Amino acid sequence: MLRAYAKINLHLRVLRKRADGFHDLLTWMQRVDWFDELEIRSADTDGVAWSCDDARLGPTADNLVIRAANAFGERCGVRLHVAVRLVKRLPQGAGLGGGSSDAAAMLIGLARMHGIASNDARLFEAAADVGSDVPFFLGGGAAIATDRGTVLAANPRPFDGFATLILPGFGTSTPRVYGACRPRAMETEETPPWGRSWKDAEELSLRLENDLLHAACAVEPRLGALWGRVNGIDDVRVHLSGSGSTLFALFDEEAAARAWAARAESALTGAGDVATRVVRVLSD
Ligand code: C5P
């Protein structure tokens, strides 16, 4: 079984809208210790035989795992004969990159099966064909992503700690959130948040921003209402991951993350379908 980890965007700047309709970004991404699992076996039949414990995820044209298989076949000139089984745990439309991570796991599994090196450029091209977040998951760990999110560099100063995730029972539409965002026309950031060390998660958290937060709350007012309930509890800042809908807060210690999760849950009483989860933020 291959693990397909979720990610959070600790920091996300939307720099400008591009001619191709995408936006140039500057974002700090790290994997977190929560994952789907993907099993790939060779099969006698042509194409990709699909099975998943979540019946909502079928082998449709918009399924990122199927799209990854097709992109791999095209980029590497391979005809596929595989059976794939996905154990789905990560929420969808959540800004945690679950579908993108599943797609990357598919590419990694297919590359192993066909004797293609994990750093082969065709894998990265296939990943970028599938979605802006997919190349990150080929490498994982802690990265700074630029361009559409597809150009990656290692972050020399990853965050080592925990995140309390606030998981709304609804997702947000990435195209709609980007559509509602006004780029800040900022060419360079003074010093990026990872550019100098921090004393603790609280100090780091004060430097982090997500330029999609206001757009996401405008597109999905229920998200704004949830953010308003949890942001600032015990002076802890709450951030948005990607284009939402997941919100998170950072902590150095697991016990502090759990204690804050309990405080957040009390504040969310009566707010509808929303859960919390404490995860370790991974740097490898
Ligand atoms: O690449 P991905 O399929 O995840 O992008 C989904 C949508 O999000 C795009 O169609 C675009 O509307 C928006 N997007 C963007 N700029 C990015 C990434 C995504 O505008 N860098």
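Refer to the structure printed above.
Residues numbered from 1 in each chain as written. Predicted model: local features only at pLDDT ≥ 70, side-chain atom pairs only at ≥ 80, totals over all residues. Heavy atoms only, no water.

With that out of the way, let us pick up the site of the ligand. Near the ligand you find Gly21, Phe22, His23, Leu25, Gly131, Ser132, Arg148, Thr174, Pro175 and Tyr178, and these make up its full shell. At 2.6 Å from an oxygen atom of the ligand is found a side-chain nitrogen or oxygen belonging to Ser132. Arg148 is positioned such that a nitrogen or oxygen atom in its backbone is 2.9 Å from a nitrogen atom of the ligand. Its free accessible area being 450 Å², the ligand has 74% of it covered by the protein chains. (Near = heavy atom within 4 Å. Polar contact = N/O pair within 3.5 Å; in protein donor to acceptor, adjacent residues only side chain to side chain. Areas by Shrake-Rupley, 256 points an atom, 1.4 Å probe, with all protein chains shown as cover.)

Our focus in this paragraph is the pairing of strand β7 (residues 161-168). Most of β7 is tucked away: 8 of the 8 residues are buried. As paired elements, β7 and strand β10 (residues 274-281) share 8 bridges and run antiparallel to each other. Opposite Pro168, over in β10, you have Val274 as the bridge partner. Both β7 and strand β9 (residues 247-251) contribute to a ladder of 5 bridges, which runs antiparallel. When the sheet's bridge partners are listed, Phe162 is paired in β9 with Phe251. (Buried < 20%, exposed > 50% of the residue type's maximum accessible area, 1.4 Å probe, protein only. Helix = DSSP H or I, 4+ residues; strand = E, 2+ residues; numbered from the N terminus. Pairing = 2+ DSSP bridges.)

The next thing to look at is the pairing of strand β1 (residues 2-17). Successive side chains on a regular strand alternate, one facing one side of the sheet and the next facing the other. Where burial is concerned, most of β1 is hidden: 13 out of the 16 residues are buried. Taken together, the 14 bridges between β1 and strand β2 (residues 23-42) define a ladder with antiparallel strand orientation. Looking across to β2, one finds that Lys7 is bridged to Arg31. From the end of β1 to the start of β2, which pair antiparallel, there are 5 residues, and Gly21 there has a positive phi angle of about 95°.

The subject of this paragraph is helix α8 (residues 221-230). Along α8, the residues that are buried comprise Leu223, Leu226 and Val230. In an axial view of α8, the angular spread of the buried residues amounts to 60°, which keeps them on one side of the axis. Pointing more than 90 degrees away from the buried face of α8 are the exposed residues Pro221 and Gly228. Those residues of α8 hidden inside the fold are in contact with β7, α7 (213-219), β8 (239-240), β9, α9 (254-267) and β10. One or two steps after α8, the chain reaches Gly232, where phi turns positive at roughly 95°. (Arc of directions from axis to C-beta. Contact = heavy atoms within 4.5 Å.)

Here helix α1 (residues 64-76) is 13 residues long and its end C-alpha atoms lie 18 Å apart, about the 18 Å a rise of 1.5 Å per residue gives. Every buried residue belonging to α1 is among Val65, Ile66, Ala68, Ala69, Ala71, Phe72, Gly73 and Cys76, and all of these are buried. Buried residues in α1 make contact with β2, β3 (47-52), β4 (81-87), α2 (98-113) and α3 (121-130). Measuring from the backbone nitrogen of Val65 back to the side-chain oxygen at the start of α1 gives 2.8 Å, which picks out Asn63 as the cap. Positioned one or two residues after α1, Gly77 has a phi angle of 60°, which is positive. (Expected span 1.5 Å × (residues − 1).)

The next subject is the side chain of Asp24. Relative to the elements of secondary structure, Asp24 occurs in strand β2. With a relative accessible area of 13%, Asp24 lands in the buried category. A distance of 2.9 Å separates the side chain of Asp24 from the side chain of Arg18, its partner in a polar contact. Residue contacts for Asp24: discarding those within four places in its chain leaves Arg13, Val14, Leu15, Arg16, Arg18, Asp147 and Arg148.

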